[in-house]
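Architecture and fold: a report
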Amino acid sequence: MAPCPDQVSTQPHSNQLATLGTMASGIAHEINTPIQFIGDNLQFINDSFGAVDRLLGCYASLHEAALAAGLLDRETAMLSAALEEAELDFLRDELSGAIEQSLAGIQQVARIASAMKSFARRGSAEKEMADINQAIDMTATICRNEWKYDADLELDLDPGLPRMSCHIGALSQVWLNLIVNAAHAIKARPDRERGLITIKTSSDNGWIRVTVADNGTGIPDQLRERVFEPFFSTKDAGEGSGQGLSICRKIVGEQHGGGIELSTEVGRGSTFTVSLPLEAETTASASCEEVLA
């Protein structure tokens, strides 16, 4: 007799994810070194360009003065030809912007590599003090390809948010799932208009709260109570396993003694609110590996 869904082992899938995580961490580590070299060299070029640009300005002034005085006709003619061939005015105008854009690109690549390395770090059975804001920021960077074509993403992260003892790798899985779900809900809008995902953090009375809101399709009332059920999905067949929100609830509830709530309206969007106690006794002693398995 075939096993029922909640008896099906996901251990091979869990092992595959762990392997991919190790590979991602290794790739990020290998990328970091050449990116550092490139970034340092570009910064040197940027710092040096100012001096070179001033020197070129002096040469241009000298050239104009020699032309006006009718001096060194042969030399000034050669310099005029060289300046025209090199398009020096164009280069001086464009080089600075090109260097700045390259530096920004390198910083983005370095940021992605850092996020990959942080996100790929395997969860531990032991909790650790961690920065929730940083984990959310890194997760948004990692999954940017999931939302950038259909939505803007705004972070409203409380700068005074306290660090908390948690399984930060597991919580990053929660943020990832909620962001991707928000992106998919926006993509499914019939008007195909660009949407907005807003992530906000706050703390009060010993609790940290994280809200992930979207202006996507929303969820009908008859399905609202079922979204956290294992293997239930509002997506078309083949587009989702239906385990994401169920795992999120386990991570938040069983590992951290918190809760996750949904507010939604068809045609207006959905908001998931995750509440995490700063000091909590978990309702179960499940480790990160047990919940994600």
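Our structure's up above, just so we're on the same page.
Residues numbered from 1 in each chain as written. Predicted model: local features only at pLDDT ≥ 70, side-chain atom pairs only at ≥ 80, totals over all residues. Heavy atoms only, no water.

This next bit is on the overall build of the chain. When helices and strands are counted, the chain shows nine helices and seven strands. Every one of the 293 residues in the chain was classed for burial, and the buried ones make up 31%. Relative to all contacts within the chain whose residues are 6 or more apart in sequence, the contacts with residues 24 or more apart total 75%. When the accessible surface of the chain is totalled, it reaches about 17500 Å², and 53% of it is carbon and sulfur. (Helix = DSSP H or I, 4+ residues; strand = E, 2+ residues; numbered from the N terminus. Buried < 20%, exposed > 50% of the residue type's maximum accessible area, 1.4 Å probe, protein only. Contact = heavy atoms within 4.5 Å. Areas by Shrake-Rupley, 256 points an atom, 1.4 Å probe, with all protein chains shown as cover.)

Structurally, Thr264 can be placed in strand E6 (residues 259–265). Owing to a relative accessible area of 9%, Thr264 belongs among the buried residues under this scheme. Here Gly269 takes part through its backbone oxygen, which lies 3.3 Å from a polar atom of the side chain of Thr264. Of note is the side chain of Thr264, whose polar atom sits 2.7 Å from the side chain of Ser270. (Polar contact = N/O pair within 3.5 Å; in protein donor to acceptor, adjacent residues only side chain to side chain.)

Attention now goes to a negative patch on the surface. A cluster of acidic residues, Glu64, Asp89, Asp93 and Glu94, forms a negative patch at the surface. It is helix H3 (residues 88–120) that provides the largest number of residues to the negative patch, a total of three residues. Positionally, Asp89 belongs in helix H3. Take Asp89: its relative accessible area is 59%, and that puts it in the exposed class. (Patch = residues over 30% accessible without salt bridge, like charges linked within 9 Å, V, L, I, M, F, W, Y side chains within 5 Å. Salt bridge = Lys/Arg side-chain N within 4 Å of Asp/Glu carboxyl O. Lys, Arg positive; Asp, Glu negative; His and termini not counted. Charge placed at Lys NZ, Arg CZ, Asp CG, Glu CD.)

A separate point is the packing of aromatic side chains. According to the stated counting rule, one finds one aromatic pair in the structure shown. Here the aromatic rings of Phe228 and Phe272 are separated by 6.2 Å at their centres, their planes lie at 85 degrees, and the arrangement is edge-to-face. Here Phe228 is found in the loop between helix H7 (221–224) and helix H8 (244–255), whereas its partner Phe272 is found in strand E7 (residues 269–277), with 44 residues between them in sequence. A residue is classified by how much of its surface remains accessible, and Phe272, at 7% relative accessible area, is buried. Over the ring of Phe228 we find Arg249, and its NZ or CZ is 4.1 Å from the ring centre. (Phe/Tyr/Trp six-rings, centres within 6.5 Å; stacked < 30°, edge-to-face > 60°. Lys NZ or Arg CZ within 6 Å of the ring centre and 35° of its normal.)

If you walk through the whole model with that rule in mind, you get four salt bridges. The salt bridge involving Asp191 is made with Arg189; its shortest N-O contact spans 3.1 Å. Looking at Arg189, the relative accessible area reads 12%, which means it is buried. In this structure, Arg268 and Glu265 form a salt bridge, with 4.0 Å as the shortest nitrogen-oxygen distance. Residue Arg268 is classed as exposed on the basis of its relative accessible area, which comes to 58%. The exposure class assigned to Glu265 is partly exposed, which follows from its relative accessible area of 44%.

Take the sheet that holds strand E5 (residues 207–214) next. An order of E2-E4-E5-E7-E6 is seen for the five strands of this open sheet, with the pairing classed as mixed. The open sheet terminates on both sides in strands that have one partner only, identified here as strand E2 (151–156) and E6. Sheet twist, expressed as the average angle between the axes of neighbouring strands with direction ignored, equals 15 degrees. Bridge count for E5 against E7 is eight bridges, and the pairing is antiparallel. (Pairing = 2+ DSSP bridges. Axes fitted to C-alpha atoms, helices over the stretch in contact; angles between N-to-C directions.)

Here we come to the pairing of E6. Each regular strand carries side chains that alternate between the two faces of the sheet. Burial of E6 is one-sided: the residues Ile260, Leu262 and Thr264 facing one way are buried, the residues Gly259, Glu261, Ser263 and Glu265 facing the other way are not. From the end of E6 to the start of E7, which pair antiparallel, there are three residues, and Gly267 there has a positive phi angle of about 85 degrees.

Turning next to a nonpolar patch on the surface. The grouping of Leu55, Tyr59 and Leu62 at the surface amounts to a nonpolar patch, some 350 Å² of accessible area in total. Positionally, Leu55 belongs in helix H1 (residues 11–69).

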